[in-house]
Every structure is written in structure tokens, then in C-alpha cells.
Amino acid sequence: MASQNLSGGDIFGGGEGMIPSAVGGYEPIVITDADVESNLKSLSQFEIYWRRFRRHRLALIGAGTLLLLVLMAIFAPLITPGVGPTTVPAFELGVPLGGAAHPPTLDNFPWRIFGTTNMLNYSILAQITYGARVSLLVSFLSAVFTTIIGTVIGSVSGYFGGWVDNLMMRITDVFLSIPLLPLLITIAAIYAGSGSVESIIVILSIFSWAGISRLVRSLILSLREVEFVEAAKAVGVRDWRIIFRHILPNVLSPVIVTLTLFIATFVSLEATLDFLGLGIKYPTISWGNMLTNAQNDLLVGDWWWAFFPGLFLVITVLAVNFIGDGLRDALDVRTRID
Amino acid sequence: MLAYTIRRLLLMIPVLLGISIMVFAISASNPNGGELYSFIGNPKNVTQSQLKALEHRLGLDKPLPVRYVLWLGSILHGDLGISYLTHEPATEAIGSRVPATLILMVTAFLLQEIIAIPLGIFSALRRGTLFDQTFSVIVYTLYSIPTFWLGLMLIAFLGVELRLFPFPGMVDVLKTGGDFGTAAWSEYFHAHPFEALTDLGAHLVMPAVTLAAVGIAGDSRYMRGQMLEVLSQDYVRTAKAKGLPQRIVIWKHALRNAVLPIITNIGLQLPGLIGGAVVTEQIFAWPGTGRLFISSAQSFDYAVVIGLTMIISALTLLFNLLTDLSYALVDPRIRYS
């Protein structure tokens, strides 16, 4: 049953809540008929993973939701043809500008389905579809870069040990000791004056890798002593080749799960920075900076401008977290770590 | 244990030095012209020679390593520099905001534990039931809500629509005559202590809930895991086998060991709480250090931003150490040497 998997995994690590930690009880591994059948036909590794992932109902829902969100972002111009995030829809042109914002309605479908902004009557639907591009792109790319940086640092540190390890782990300590959000606020205030998508991706990637490098290092430390690594060394395989070909494939599963959790974290972090006016700025519309603009409208009771972008943020984070949880079960991460 | 504590404290020194180097490098490498420009505001109003003189007075013309050492020296003396915005010492600017932040963080933290621990225990005891599954979904959702959006929605629905709780700020300035911490407020507090406190408490509700939300999700989940683990231990089974009533087994034998890790974990929550407090204070215009941090970062007020970053990092390190030590204190099986 899918919901049982939910109780096994957990998305809450220590600190910033990014590193999966072995919290919670173990779930008994139930062998079903499907497993027995799958033993009869030989399955590829990928098929095995997929079968296990499929059993996780919430993860499937999450994957479906994320797919829809990605499609929405890619095909934003088709969803709201002719109406960008900052163009006044044609039918609104007769409406006096500077008037009240329109609450969500089915009139003029679909433009006003999430209502309109005040003053210029922009379509909130259009802002959300275009804003999805920023949220998804920034969080996905930053998570990938963070993971790459953290994995390289962690594996070099764990594999070579000695002073390299010592130095790198002290640097990691430094990064881990500064709470991520205040650090990012400072950096973004200083460096991201332009408010471009690229600068935010760079900032998020450069300063968030410490947790992953710790994780990878600890995994590698235990793998370093394994026979197949010794064998590879004995036949004279070079260090880099051992790291990349022999060791890293074995830490891939936990790293992939962590990467997923990082996407969720970054969706939230990026929106927070945007909201504070330190991230991506107008005229590029993001879910975070929509909320900044909508703040004052809240006070006069026009809740929809702030409500819908936030709702999409929650849906996105939730979907990605469910996927991460499903992946953890499918890739059998806990057994790998132990 | 003492030797271990001292060694850990000594090990904090290189990390703190590393943090100070990083923080200094961040501020010194500012592409916007750095401290100088944040000091003068609009560079067009100043002549080149004035600029040079100012640079000299602020010590910005010295080589970077010299500046670093001087800066580090003054920090160690408790001098964080002068705030460019308010022209008061950064230590005072920060210090005067600490009580507001403490009130918010402590309240939120207590709220978090009071809700999270029982929730976690009950869903562990009712594992697999409808309650447990509903709990799981709610926790996941709660965990996925960005703090700032939760705050905004509370304002929109509880604050504006229903008018249940007052906002923004910490006190009703119209009534008290001054913000929290000012002389006017103290006067009002002494004249009407009850009204002053209920006013403060009412203002505290929405920010505290906002700040506690993510923690409730994490902690109740953690508590549930701990409880399940303890319930599967041999000694619990033995207690049941002896025929002790379920109530005693759960509340005396299991609970005690399940709650301990939560208590020790408190130290590790500090970074999350600080991050959350920064955002929460900004949204609710709560006059604490978090709000100071953001306004200083937005206006490049270096002394305050850097000072706060150093303080936050040092506290994080300290609480990590306290966490490790408290493990040993509550669990006799753990010995540090």
C-alpha cells in the first residue's frame, strides 16, 4: 500500500532539512506476486526501480503533477496566447486602468480564472504560467550544480583522505555553520543586484553544497575499503578512474534522492529571495516576486494575487518531495547507506 | 567529558576564523563599490578628494590582509563597527533588537514542541490508521509551505478578513504610544501591565504560528519515528510480557526514551529557526534582529550584516556542541573522551 511507504521514509533531516537521515522505523519488505513474477522474467535494473517507484502512489501523483507543471512552463505562450505576464489582455483594454483588481471568475475564460492584478489588470494566470519557468529552471539547475559541486568535493575528500580531506572538511564546516538563508540573503544583496536568473542560480549552487559533500564523503569512506576498489588499485587503475567508474556509481542512489530534495528546497528558497526583493526582479516575473507585488493588495482584502502563486509553490514543493520519497524507496537508499 | 568539551571549543576557533575570512571576503569583494559607497550614498555628491579622505578615514585604503586583521581585532573586542544607516554602533543596533527576536523565537519554539511531540506520539501509537495517514499528508503539506507565504495567508485571512489578530508589528503603537522596548512602551507597561501583555500576546499569535509551522512538521515526524523505534525494542516487549498495563508501558517505559532525542535535537534546530525568524519578522514588521538583518542587507549596511552573520554562525556552532554534549548527558551509553 502506497501510504505505508510514506511512513517509512522521511524528508526531514537535521539543520536545513536537506540531507536524508535515517529517522523513523524500518518498513518490512513485503514480497508481492509482482516481485515473484519479476523474478521469472528477467528485468533490467531500471525496470526494477520503476516497478518499485510505481507502487508508491503519492510519488506517482507527484511525478504526474510535476510533469504537468513542466508542460505548463514550456507551453506558457500556448496556454495564454497573446497575453504575456506583463501585457494587458485585449478585452481588459476597455476597462479603466488603475481600478480595482478582479477576483477569480470564469468570465473571459481563462484569463481571469485566478483573478487579475490591480492597476494594470494583468492576468494572474499568465503570470503564474510564465513564473513557473523561472521557479522550475532555477531550482532544477541549482540543484544539479549544487549536487555536482558537493559530490566532487565529497568524493575527493573521502577518497584521498589525509590533509586534503582535513582541509576540505574544515571548509565544509565553515559553510555548514552559517545558516543557509541568512547567508544567501547577504550574498544576494551584494551580488545579485541585476536580479538575473543566472546570478541566482550561481549563488544558490555555490553556497549550498556543504551538506551533500558531507554525505558523499561518508559514503565514500566506507566504499574506499571495499574489495573491488582494492582490486582496481591492485591492477593499477588511476585514482580518478576509480572514483568515477568504480565508486561514484555506487553512491548514485542517495545522491539522486538528495538532489530531488534540493530541488524542493530551492523552489522555496528562490521564492523567498525573490519575495524579499533580493532575487529575480521585475520585469522577469517569478512566483516569489509576484508575492512581493501582491503584498499590499492583501491588506485591502484582495487575497487572490498572493494566494495562487503561493499555492503553486506549495504544489511544486509537495510534488517534488513525494517524488524524492518514492525514489528513496525505489532506489532502496537506506540499505545502501547502511 | 570536560576534556572533550574543551577540545571541541578549541576546534571551534579555526572554523570561526574560516567564517570570518569568508564573511570578510564577501563584503570586501562587493562589486557595487563596497562600504565606501554605502557610506556616502550617491557618489555624484562627493568630489574625488573627499572620497579619498573618507576612504582613508574608514581605513579602506589599506591592503586587504591588514584590513582583515584590524577588523578581526575590533570584533574580538566586541566592536562590530558603526552602522552606516543609523550611525550608531552595530552592537547597539543589534542588541536593542534581540529581546523582540527572543520573545518570538522562544514562543514559536514552545508552541512547536507542545504541538509536535503529542502529535508524533499519537500517530505512532495509531500507526497505519486513518489518523496516522491523515497526519502524514498534513505534515507533508505543512512542510512544503514556504514560511513567507504562510505568513501572508495568515495576514490575509485571519488578519484582514476575520480581524482575529492584530498586525503588523509587536504592539499597538497607537495605544501604547511607542514600539516595544521604547520608553513610552515601558511607561504604558508599568501603568497597564495586563493590557500591555495581552496586546503583545495578540500580536505574537500569527508570527509565532508562522515560525512554528515548519518545525511542527519536522519534529512531529521525528517524534513519530523515535516512538516507533522505541516501541519495537526488547525492553518494551519484556514490559508487555510481564503483564504491565499498556498505559504504563507506553507512558513510563517507551515515552521517556523516545522524547530524549527530541530534547537533544533542539540545538540543531537553531539555523532553521533563525532563517524562519528572518522571514517571519520581515512579513509581520516584527522589530527584531531578523528584520534588521534584511533591511541592512538591502541597503548594504555592512557592519550590521557582517556582525549578525558572525553572531548567528557562532551561535550555530555553540548549539551544535551543546547538542552533542546533551546526548551524553541524557544517554549514559554515550561517552565522549
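Sequence order as written defines residue numbering, which begins from 1 separately in each chain. Labels are handed out in written order, letters beginning with A for the chains and numbers beginning with 1 for the ligands. Whole-chain, interface and lining totals are the exception, using all residues; otherwise, since this is a predicted model, local features are given only for residues with pLDDT of at least 70 and side-chain atom pairs are given and counted only at 80 or more.

K.L.:
So, the overall build of chain A: which residues are in play, and what are the values?
P.N.:
Helix numbering and strand numbering both begin at the N terminus, where a helix is a DSSP run of H or I of at least 4 residues and a strand a DSSP run of E of at least 2. Along chain A, the regular secondary structure elements total 15 helices and zero strands. Burial status across chain A gives 50% buried among its 338 residues. Remark: residues whose backbone-derived C-beta atoms lie within 7 Å of one another are considered to be in contact. Pairs at least 24 residues apart make up 72% of the contacts formed inside chain A by residues separated by at least 6 positions. Counting other C-beta atoms within 10 Å of each residue's C-beta, where C-beta atoms are placed from the backbone, gives the exposure class: buried for 20 or more, exposed for 12 or fewer, partly exposed between.

K.L.:
Report on the overall build of chain B, specifying residues and quantitative values.
P.N.:
The helix and strand inventory of chain B stands at 15 helices and zero strands. The buried share of chain B, taken over its 337 residues, is 38%. If you take every contact in chain B between residues at least 6 apart in sequence, the share linking residues at least 24 apart comes to 72%.

K.L.:
Got a sec to walk through the packing of helix H6 (residues 124-160) of chain A against helix H7 (residues 162-177) of chain A? Specific residues and values, please.
P.N.:
Residue and element names in this part refer to chain A. Note on definitions: angles span 0 to 180 degrees between N-to-C directions of axes, and those axes are lines fitted to C-alpha atoms, for helices only across the stretch in contact. The geometry of H6 relative to H7 is characterised by a closest axis approach of 7 Å and an angle of 140° between their N-to-C directions. Considering the relative orientation of H6 and H7, their crossing is left-handed. In contact with Ile153, Val156, Ser157, Gly158 and Phe160 of H6, H7 contributes Gly162, Val164, Asp165, Met168 and Met169. Residue classes follow a fixed rule: Ala, Val, Leu, Ile, Met, Phe, Trp, Tyr, Cys and Pro count as nonpolar, while Asp, Glu, Lys and Arg count as charged, and any other residue, Gly among them, counts as polar. Split by residue class, the contact of H6 with H7 holds six nonpolar, three polar and one charged. Left-handed describes a crossing whose near helix is turned anticlockwise from the far helix by less than a right angle; the clockwise case is right-handed.

K.L.:
Tell me about the packing of helix H6 (residues 130-144) of chain B against helix H10 (residues 193-231) of chain B, and please be specific about residues and values.
P.N.:
Residue and element names in this part refer to chain B. At a closest axis distance of 8 Å, the pairing of H6 and H10 adopts a crossing angle of 140°. Classed by the angle they form, the pair H6 and H10 counts as oblique. Crossing of H6 against H10: the hand is left-handed. On H10, the residues that touch Val139, Leu142 and Tyr143 of H6 are Ala213, Val214, Ile216, Ala217, Gly218, Ser220 and Arg221. Classifying every residue of the contact of H6 with H10 gives seven nonpolar, two polar and one charged. Orientation is classified from the angle alone, with under 35 degrees giving roughly parallel, over 145 giving roughly antiparallel, 65 to 115 giving roughly perpendicular, and any other angle giving oblique.

K.L.:
A description of the domain arrangement of chain B should follow, citing residues and the corresponding values.
P.N.:
Bear in mind that the domain bounds are from an automatic or database domain assignment. According to the domain assignment, chain B consists of domain 1 (2-89) and domain 2 (98-287). Look at where the C-alpha atoms of domain 1 of chain B and domain 2 of chain B centre, and you get two points 37 Å apart.

K.L.:
I'd like a description of the interface of chain B and chain A, backed by residues and values.
P.N.:
With 51 residues of chain B at the interface, the matching set in chain A holds 50 residues. Counting only elements with at least two residues in the side of chain B that touches chain A, the list comes to helix H1 (2-28), H6, helix H7 (147-161), H10, helix H13 (270-284), helix H14 (289-298) and helix H15 (302-330) of chain B. In terms of residue count, the dominant contributor to the side of chain B that touches chain A is H7 of chain B (eight residues). Looking at the side of chain B that touches chain A residue by residue, the classes come out as 31 nonpolar, 17 polar and three charged.

K.L.:
I'd like a rundown of the nonpolar core, residues and numbers included.
P.N.:
Throughout this description, the term nonpolar core refers to a group of buried Ala, Val, Leu, Ile, Met, Phe, Trp, Tyr and Cys residues whose C-beta atoms join them within 7 Å. Grouped together as the largest cluster of nonpolar side chains are 164 residues, with contacts concentrated most on Leu184, Ile185 and Ala306 of chain A together with Leu104, Leu152 and Met227 of chain B. Of all the elements, H10 of chain B adds the most residues to this core, at 17 residues. Sequence-distant contacts of isoleucine 185 of chain A, that is, excluding residues within four places in its chain, are made with Leu276 and Leu278 of chain A together with Val278, Ile294 and Ala297 of chain B.

K.L.:
Describe helix H12 (residues 239-275) of chain A, listing the residues and the values that go with them.
P.N.:
Expected span of a helix: the number of residues minus one, times 1.5 Å. The end-to-end C-alpha separation of H12 of chain A is 45 Å, well short of the 54 Å expected for 37 residues at 1.5 Å each. Downstream of H12 of chain A by a residue or two, glycine 277 of chain A has a phi angle that is positive, lying close to 80°.

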